[in-house]
Amino acid sequence: MTDDLLNPSLAALRRGHKSDPAPVLATRLDRLRRLRALLLEREADLLDALSHDFGYRSKQQSAFADITTTVKSVNHAIKNLSFWMQSQRRQTDLSLRFSGARCESAYTPKGVVGILSPWNFPINLALSPLASALAAGNTAFIKPSEITAATAERLAHLIPEYFGPEEVQVALGDVDTSRRFAALPFDHLIYTGGEQVAKSIMRSAADNLVPLTLELGGKCPVIVGPGADLDLVARKVAFGKYFNAGQICIAPDYVLMTADQLDQFLPKLARAVTRADASTTDNDAVSVINARHKQRLEQLISDAKNKGAQLHHFASEKPGGYSLHVAINPGEDADICREEIFGPSLMIKTADSLASQIAMVGEGPHPLAIYVFGDRRTFDEVAKNSQSGALIHNDIIFQYANDDLPFGGIGASGMGKYRGIDGFREFSNHRAIYRGGGIDVSKMVTPPYPRIFGAINKIMRKL
Ligand code: NAD
């Protein structure tokens, strides 16, 4: 899409916002219901496009990960919106209260929200931010990833069937279109994707001082504390690598455990992998998105081997079924120690104590999620001594299934949070409202100063 097309689309969405800058509850609910209708009525279309884009993507996984999770977010917004929209009474200072002044705060729409979304969950990561943006009363412009081109085209085709051009639009195009999209003067821009691109997005947003939400990735560790249930860890890690072939920003990236735990863990992991897709006759797997990413993953594993890692390959017996590469204790100079894996490979590192595991996590950038297995004391120890977007005890990935949790990173894993009430607030202007009272207090601090000016100062300092 050229600037000739991007600019008129943005202008239409801005007109939409200006013609109704503070949509009432009924308008917002109507938009959310139309979004839900799109997802439910056109599910088959969307699932076909997803399968096409991935080469192979289990329709059951797509239905759950891209459709159900998004519908859930929309339902959650519909149920809670009237509560979220309420203005809040704020304390009014005693010194102002006597004049009759009153304070409150209100959430008002920001205007036009830009949504720049990635390929790994192309529906959910475009339309879940859209649910938050519409709940907050904004209009929205989406630029889906060109890597999942069929899904992007489907969205561009379906959105105009459910929304007017002054409510929601979709921009299609290559990376150059995304670059120009990121430079548009939005009232807020949410970008989901990798860290390097995020830096250039931040630079282009700076020109227009566009507020940003950055949903990035990184390496999510699994800390296995003393006495952890290793069967549970194996099942959960296998799930995290099986689901969407591990192409998930909150997938477990590496596991930290003691050497003794490792000996017991490997056979359990092998069992969990072979069992993972043994129960159905169809292929329930998901492909790595494209040849470039396959090559990147192979390269990470062969580099780990060259740098001293012990390698294992676990696979189910089904042709094209689930397969997991594991690299154990690569040298610190291996790429896999720094780069996010984002696929069906895993790194395991041994560390002899919980304290050294926590220290290893602390050496890297703050992760999007830290997974902790073990007792409450282990969890508390990690909580006290680490930083991350989310902290999860005895589970993996399912924090995302809950809509009423803030979602987002910190530092290199991102900034800002969305989903649920946090998404509503992220895309709203939290506006201060001050209603002046009948007594004009400014007289007391305007020349000629009253004789009691000194006393007023003294009293106010004590309030
Ligand atoms: P991607 O290549 O699909 O890129 C994401 C978006 O950025 C696309 O719309 C693309 O067109 C656009 N883009 C690419 N280059 C650009 C540029 N120079 N300027 C402006 N826009 C540009 O996706 P990706 O980056 O490969 O996504 C994978 C990364 O995303 C991983 O690091 C993963 O952890 C992260 N991720 C994070 C979340 C989250 O919610 N925190 C979710 C999914 C993925």
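The structure we're discussing is the one just above.
Fair warning: this is a prediction, and the values are worked out from it, not measured in the lab.

What counts, and where the lines are drawn
Residues numbered from 1 in each chain as written. Predicted model: local features only at pLDDT ≥ 70, side-chain atom pairs only at ≥ 80, totals over all residues. Heavy atoms only, no water. Near = heavy atom within 4 Å. Polar contact = N/O pair within 3.5 Å; in protein donor to acceptor, adjacent residues only side chain to side chain. Areas by Shrake-Rupley, 256 points an atom, 1.4 Å probe, with all protein chains shown as cover. Helix = DSSP H or I, 4+ residues; strand = E, 2+ residues; numbered from the N terminus. Domains from an automatic or database assignment. Core = buried A, V, L, I, M, F, W, Y, C linked by side-chain atoms within 4.5 Å. Buried < 20%, exposed > 50% of the residue type's maximum accessible area, 1.4 Å probe, protein only. Contact = heavy atoms within 4.5 Å. Phe/Tyr/Trp six-rings, centres within 6.5 Å; stacked < 30°, edge-to-face > 60°. Lys NZ or Arg CZ within 6 Å of the ring centre and 35° of its normal. Pairing = 2+ DSSP bridges. Axes fitted to C-alpha atoms, helices over the stretch in contact; angles between N-to-C directions.

Draft legend 1. Seen up close, the site of the ligand. Not every one of the 28 residues close to the ligand is listed here, only the nearest: Ser145, Glu146, Ser178, Leu216 and Glu340. A distance of 2.8 Å separates an oxygen atom of the ligand from a polar backbone atom of Ser117. Glu340 has a polar side-chain atom sitting 2.5 Å from an oxygen atom of the ligand. About the coverage of the ligand: the protein hides 90% of its 860 Å² of free accessible area. Contributing elements (two or more residues each) for the shell around the ligand: α8 (175-182), β6 (188-192) and α9 (195-207). By residue number, the principal contributor to the shell around the ligand is α8, which donates three residues. Of the domains in this structure, domain 1 (3-216 + 414-430) and domain 2 (221-404) are the two that each give at least three residues to the shell around the ligand.

Draft legend 2. View of the nonpolar core. Core analysis: the largest hydrophobic core is formed by 85 residues, its most contacted members being Leu130, Ile250, Ile348 and Tyr371. Of the residues forming this core, the biggest block, nine residues, is contributed by helix α4 (residues 59-84). Discounting residues that sit within four places of it in the chain, Leu130 has contacts with Leu35, Ile115, Ala140, Ile142, Ile159 and Val168. Of all hydrophobic cores here, the second largest spans 22 residues; its members include Ala309, Ile341, Met347 and Val372.

Draft legend 3. Just unusual backbone geometry, in detail. Here the amide bond leading from Pro447 into Pro448 is cis, since omega sits at -5°, within 30 degrees of zero. Along the chain, Pro448 turns up in the loop between β16 (428-435) and α16 (453-462). Phi angles above zero are rare outside glycine, and Ala245 is one such case at about 55°. For Ala245, the position within the fold is in the loop between α10 (230-242) and β9 (252-257).

Draft legend 4. Fine view of the packing of aromatic side chains. Under the criterion given, the structure shown has 13 aromatic pairs. Considering the side-chain rings of Tyr107 and Phe424, the 5.7 Å spacing of their centres and the 65° angle between planes classify their relative orientation as edge-to-face. On the criterion of sequence distance, the pair formed by Tyr107 in strand β2 (residues 102-109) and Phe424 in helix α15 (residues 420-426) is long-range, its members being 317 residues apart. Accessibility assignment for this pair places Tyr107 and Phe424 in one class, buried. Here the aromatic rings of Phe181 and Phe186 are separated by 5.0 Å at their centres, their planes lie at 55°, and the arrangement is tilted. As far as the burial class goes, Phe181 and Phe186 line up, both buried. Cluster of aromatic residues (ring-pair linked, three or more members): Phe64, Phe239, Phe243 and Phe398. If you follow Arg57 out to its NZ or CZ, it ends over the ring of Phe54, 4.5 Å from the centre.

Draft legend 5. Summary view of the sheet that holds β6. Read from one edge to the other, the open sheet built from six strands follows the order β5-β4-β3-β6-β7-β15, with strand pairing classed as mixed. The open sheet has two edge strands with one neighbour each: β5 (168-170) and β15 (414-415). As judged from the four bridges shared by strand β3 (residues 112-116) and β6, these two strands associate in the parallel manner. Residue pairing for β6: Val113 is matched across the bridge by His188. Most of the contacts of helix α1 (residues 3-19) go to strand β4 (residues 139-143), to which it runs at about 155°, and overall it touches β3, β4 and β5.

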